[in-house]
Amino acid sequence: MSRTLKKKKHWSGKVVECAVSWGNMGDFGSVVEVLGGAELGQFPYLGQMKLDVLVCHIGKLPYYGDVLLEVNGTPVSGLTNRDTLAVIRHFREPIRLKTVKPGASPPFSVLTPPVT
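Throughout, a residue's number is its position along its own chain's written sequence, starting from 1. The predicted origin of the model limits local features to residues at a pLDDT of at least 70 and limits the giving and counting of side-chain atom pairs to 80 or more, whereas totals for whole chains, interfaces and linings rest on all residues. Calculated side-chain values reflect all of the structure's heavy atoms, with hydrogen atoms and water omitted.

**Student:** Teacher, can you tell me more about the nonpolar core here?
**Tutor:** By size, the foremost hydrophobic cluster in this structure holds 19 residues, and its most contacted members are Phe28, Val71 and Ile95. The helix count covers DSSP runs of H or I at least four residues long, the strand count covers runs of E at least two residues long, and both are numbered beginning at the N terminus. Contributing elements (two or more residues each) for this core: β1 (16–21), β2 (32–35), β3 (45–49), β5 (67–71), α1 (81–90) and β7 (95–100). Phe28 has contacts with Val20, Trp22, Val34, Ile88, Ile95 and Leu97, leaving out every residue within four places of it along the chain. Only buried residues count toward a nonpolar core. Its members are Ala, Val, Leu, Ile, Met, Phe, Trp, Tyr and Cys residues joined through side-chain atoms within 4.5 Å. Three labels apply to residues, based on accessible area from a 1.4 Å probe with only protein chains included: buried if under 20% of the type maximum, exposed if over 50%, partly exposed otherwise in between. Throughout, a residue-residue contact means that at least one pair of heavy atoms, one from each residue, lies within 4.5 Å.

And the structure:
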């Protein structure tokens, strides 16, 4: 007898690409907050965004908390926050961002024991 295996969908199928610009509002860091980074043991992810300033040319705008994978084809996963911002500053606008929604987090932190 053969069993039917439930095929799980891979996270790479949920990657979203977007080309964004922000006009004359300074650098990208003043419009979109980039959080996380290798120094914290996290992937870089997007924080608060000034949605009234951001313009999406291709794709759809990322959401708060989306993990930042690439900036103009340059992988940023594994970089520190400072290095990620340096990669972003290196390119002129519009920049292409590849993001993915984060997976489900565990119900409690690994570092703290669960409350019983």
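**Student:** How do you make sense of the environment of Asp52 when you look at a structure like this?
**Tutor:** Structurally, Asp52 is set in the loop between β3 and β4 (55–58). As for Asp52 and Trp22, which are separated by 30 residues in sequence, their C-alpha atoms are 9.2 Å apart.

**Student:** Help me understand the side chain of Thr99 in this model?
**Tutor:** Mapped onto the elements, Thr99 comes out in strand β7. Its relative accessible area of 2% is what places Thr99 among the buried residues. Look past the residues within four positions of Thr99 in its chain and what remains in contact with it is Lys14, Val15, Val16, Leu46, Pro62, Asp66, Val67, Leu68 and Leu69.

In short, the description is geometric, and any link to function would need to be established separately.
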